[in-house]
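Examining the three-dimensional arrangement
As a plain string of letters, each chain reads:
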Amino acid sequence: MKPIQWRRSWAGKYLRRLPRIKQLRGTFLHRMLGDRLFDPRLWNWSRHGIALGLAIGAFFSALPIPLQSVPAALLAVLLRANVPAALAGCWVSNPITMPLFIYLQLHAGSWMLGRPSLLAQWQEQSLMQLIKAAPGVLVAGGLALGLALAVICYFLAALGYDLAIRALRHSSTKPRTS
């Protein structure tokens, strides 16, 4: 699409409101991150950038920390991965999937640290009491789960990107019938 068409499309209504580079120069983000913030690899779509961004987001989504998107975006900028993909990868954990993540983190953490499983106490104690009783187990399980999730996400994203590009190329080479 030509730039004038972008402005008139449904996406242009939202893209028009995004800040431009000249507006971001001298801001807090620019002072903290430097010119690395304006690197095109952070915002353009590439196979490696999207896969790495999703892997970073998936890793931080498995950690039991608040505001997971902030460290995910910062690490994506430092590693020059796609920042929107890293933020989207953080959406793996949400209120629906979080109980499953906590269950897997407690199970993996207690197995890694050689402790008896805390899951037997699940019915006796509330979830918050269980988390307060063993934060080290939860963090160790979160790191293991995050690493496994990041590796899986990287390869699935790379494969999905390849399939999407192949489908786009195939659809653009088909002769159009009217």
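Coordinates for the structure precede this section.
Let me begin by describing the structure that accompanies this report. (Residues numbered from 1 in each chain as written. Predicted model: local features only at pLDDT ≥ 70, side-chain atom pairs only at ≥ 80, totals over all residues. Heavy atoms only, no water.)

1. Remarks on helix H6 (residues 69-79)
Those residues of H6 lying buried are Ala72, Ala73, Ala76 and Val77. Buried residues along H6 cover an arc of 135 degrees about the axis, so they all sit on one side. Phi turns positive, to about 60 degrees, at arginine 80, one or two residues after H6. (Buried < 20%, exposed > 50% of the residue type's maximum accessible area, 1.4 Å probe, protein only. Helix = DSSP H or I, 4+ residues; strand = E, 2+ residues; numbered from the N terminus. Arc of directions from axis to C-beta.)

2. Some details on the side chain of serine 61
Inspection of the secondary structure assignment puts serine 61 in helix H5 (residues 47-62). Take serine 61: its relative accessible area is 0%, and that puts it in the buried class. The contact partners of serine 61, leaving out residues within four places of it in the chain, are Gln68, Gly89, Cys90, Val92, Ser93, Phe101 and Leu149. (Contact = heavy atoms within 4.5 Å.)

3. Considering the nonpolar core
Ranked by internal contacts, the top residues of the largest apolar core, which has 16 residues, are Ile56, Phe60, Ala72, Ala76, Val77, Ala81 and Val83. Going through the elements one at a time, H5, H6 and helix H7 (83-89) are the ones with two or more residues in this core. A total of four residues in this core trace back to one element, the largest contributor, which is H6. If sequence neighbours within four positions are ignored, phenylalanine 60 has contacts with Ile65, Gln68, Pro71, Ala72 and Leu75. The next biggest cluster of nonpolar side chains, apart from the first, holds seven residues, and it includes Ile102, Leu130, Ile131 and Ala134. (Core = buried A, V, L, I, M, F, W, Y, C linked by side-chain atoms within 4.5 Å.)

Purely geometric numbers; function is a separate question.
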